[in-house]
Protein chains: 2
Amino acid sequence: MEQNLRIPGPTPIPPEVAAALARPMINHRGPEFAAIIGRVTEGLQHFFQTSQPVLGFPSAGSGAMEAAVVNVFSPGDEVLAVTIGVFGNRLAKIAEAFGLKVTRHEVAWGQAADPAQVVAALDALPNAKGVLLTHNETSTGVTNDLQALAQAIRARRPDILLVVDAVSSLSCVDLRMDEWDLDVVFTGAQKGWMVPPGLAMIGVSARGWAATEKATLPRFYWDFRTARKSLEKGQTPYTPPVSLYFGLDVALGMMRAEGREAIIARHQRVADLTRSRARAMGLELFAEPAHASNTVTALKVPAGVESKALTKALREQEGVVIAGGQERLEGQIIRIGHLGYVHEPDIAACMDALERQLGALGYRAPAASGAEA
Amino acid sequence: MEQNLRIPGPTPIPPEVAAALARPMINHRGPEFAAIIGRVTEGLQHFFQTSQPVLGFPSAGSGAMEAAVVNVFSPGDEVLAVTIGVFGNRLAKIAEAFGLKVTRHEVAWGQAADPAQVVAALDALPNAKGVLLTHNETSTGVTNDLQALAQAIRARRPDILLVVDAVSSLSCVDLRMDEWDLDVVFTGAQKGWMVPPGLAMIGVSARGWAATEKATLPRFYWDFRTARKSLEKGQTPYTPPVSLYFGLDVALGMMRAEGREAIIARHQRVADLTRSRARAMGLELFAEPAHASNTVTALKVPAGVESKALTKALREQEGVVIAGGQERLEGQIIRIGHLGYVHEPDIAACMDALERQLGALGYRAPAASGAEA
């Protein structure tokens, strides 16, 4: 049975990208790879909306988190970690592991961070060197208003470093690295980029580059400076994940053809469809609706339904693969990914299947929504 | 023109593996991936010749070097770095970057390390916690006698940590992790494993595991303990490079069918063929013949030939891609990779092309060898 992969990453691979993955291997120090990394960098700059080079690392998204921390900070540096879920906490944990003095501004899961409250938290930390932010929190299906957060923080602290986890937002949701004055922005190939996992991409601002020169945390593999120097020669310091670059090159070509704004609009449409179908079934969003994510929808598991039984039935009976909740949300929510290579029919099929399997598990939508469905 | 990719990694991908790379994406936390990582781990254990779990990280080989250093050592720890070329130096540099006290035992490039001399160097370091060794030095085409080195070191220092860079040797050349009592052994998918780059594999001994508990260097992404805990559930802590696991699963199946000893014998044969063809052309090995590598052959560029012109002509006229020298060997040597998916006809075609293009560049073999050719 063909799968409808509806987890928030890895995301489905378009056939054109899949074909590229299987291309014969090439020399990563030769002219062909240099041409590819040149095109890829230019494409990434377009989607990051930056004039800065965007670095690629063979890595998961969590490696990019570590790279961000070790390149711009020094032991003992104070940072404010704005956490709204599992991935915000992970970034904070990494900063702590590397000896930063981390103050957490923890927002209730399901909510977005409030710019005024973040600024208030920052006011209590006059020596803070940086703020760690999540653009889209994959664990709760919440998108922070990054532009408003960045603006509020920057107005108060013009020189502070803004580190942004954009793993599950970039290319799907508007993010303007230069205009919003963000310093380190990272994402992963397996999310909006329609490529298998294993390649992290990181943009660094002029302020970020200056910070890399002063930062004293030990680093080698993640060193942004080495990566930039190699990129100028059309290379990477260490062997790049060549097949993923083949795929990303093709994916970026498809994305440029569709257009950045059109992709953002498509993600809005599929997210709207997901949410309206869920509401029609009487299901409740986990996220506060005003900040519900356009790349992943978290839904509360209705009373009387066992979430593992539901995801298993969807997988085995319908070929629809969705995610459960993480950590303290295990069993509480299900998560439907709608980012990257996703269109309305994929979501319609997923929600049809969800409706059937919820019914099979004894769930009955409340009267009002039932009628709507 | 189809390429004959004869660099020492990335190496050519068999069609069966290429097809696997293009498979539809799956949930990395689901039962299908758990089955794959289970089979892959068992296959890796067979080739590492270890009963320990072998960990996979989305990473280049250099990331595995960093992982080895940060997991088993603490700042200020003394180590002996036995370096016989570029990659030995890189491992030493990483150890230094992370605050270890590194003493280098530098061997002239082209030579292998001598066990007695290594032990003598170690005798001068009574507090050394570890020895950093390269099994096969890709930059010089030299294979250390790892068994003899390990035996000599272990006889003198039963509890010292042996960290082994086996990136370009493992699966091609005999390496018995448990029998030789090695502690941290790492390799990369793009070498003998016939898979595109982006996945590093690391074996850790019981002594190595004990060291991870005491080590105090900051670590998160590379943490062996987190990786082992996830592996026990058929997962990885962070999103794995799923398509590369698809490929490795198929590659390991092919390798098991061919057989470990048969693969080692095949690498011996193709290396012998490479060397005998080179000798017949009057070309000189860069490596001392007794330790010439079975996975990469470094040849001195004959007088009067410009190495860049030669590699360019091979690439453009013949579709044969070989590597030049690195760092101080740039322009001095060419390197021919023969590891992974390689058979006699690939080498015969490569050496035929080399002979033609050397001739086109004005090279004439000395009389004796010319006759042989």
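One structure accompanies this document, and this report is about it. (Residues numbered from 1 in each chain as written. Chains lettered and ligands numbered in written order. Predicted model: local features only at pLDDT ≥ 70, side-chain atom pairs only at ≥ 80, totals over all residues.)

Looking at the overall build of chain A
Spelled out, the test is: Each helix is a run of H or I in the DSSP string that is no shorter than four residues. Each strand is a run of E no shorter than two, and both are numbered from the N terminus. This radius of gyration counts C-alpha atoms alone. The globule rule is 2.2 Å times how many residues there are, raised to the power 0.38. Partly exposed residues are those whose C-beta has more than 12 but fewer than 20 other C-beta atoms within 10 Å; 20 or more makes a residue buried and 12 or fewer makes it exposed, with C-beta atoms placed from the backbone. Any two residues are considered in contact once their C-beta atoms, placed from the backbone, lie within 7 Å.
Scanning chain A for helices and strands turns up 13 helices and 14 strands. For chain A, whose C-alpha radius of gyration is 21 Å, the value lies close to the compact-globule estimate of 21 Å for 373 residues. Projected onto its principal axes, the C-alpha coordinates of chain A cover approximately 60 × 55 × 30 Å. Scored against the burial criterion, the 373 residues of chain A give a buried share of 57%. For chain A, contacts bridging at least 24 residues in sequence account for 75% of all contacts bridging at least 6.

Looking at the relation of the copies chain A and chain B
Each of the two copies of the chain can be brought onto the other by a rotation about an axis and a shift along it. In plain terms, the rule: Superposing copies: least-squares fit, C-alpha atoms only, residues required to have pLDDT of at least 70 in both.
Each copy superposes on the other: chain A lies on chain B with an RMSD of 0.0 Å after a rotation of 180° and an axial shift of 0.0 Å. Both chain copies can therefore be described as sitting about a two-fold axis. Of the residues that chain A buries at the interface, 100% are likewise interface residues in chain B, meaning the two copies contact each other through the same surface.

Notes on unusual backbone geometry
In this structure, Pro10(A) follows Gly9(A) across a cis peptide bond, with omega equal to -5°. Its identity as a non-glycine residue notwithstanding, Ser171(B) has a phi of 85°, on the positive side. Locating Ser171(B) in the fold gives a position in the loop between β8 (161-165) and β9 (184-188).

A few points about the nonpolar core
Counted only if it meets this: Defined on buried residues, the nonpolar core groups Ala, Val, Leu, Ile, Met, Phe, Trp, Tyr and Cys residues joined through C-beta atoms within 7 Å.
Core analysis: the largest hydrophobic core is formed by 264 residues, its most contacted members being Ala95(A), Ile202(A), Ala95(B) and Ile202(B). The contacts of Ala95(A), once residues within four sequence positions are left out, are Val69(A), Val79(A), Ala81(A), Leu100(A), Val102(A) and Leu132(A).

Regarding the interface of chain A and chain B
How we decide: Amino acid classes used here: Ala, Val, Leu, Ile, Met, Phe, Trp, Tyr, Cys and Pro are nonpolar; Asp, Glu, Lys and Arg are charged; the rest, including Gly, are polar.
Contacts between the two partners involve 45 residues from chain A, matched on the other side by 45 residues from chain B. When residues of the side of chain A that touches chain B are traced back to their parent elements, those giving at least two are α1 (15-21), α3 (61-72), α4 (86-97) and α9 (242-258) of chain A. Tallying contributions element by element places α3(A) first for the side of chain A that touches chain B, with four residues. Residues that form the side of chain A that touches chain B fall into these classes: 28 nonpolar, 15 polar and two charged.

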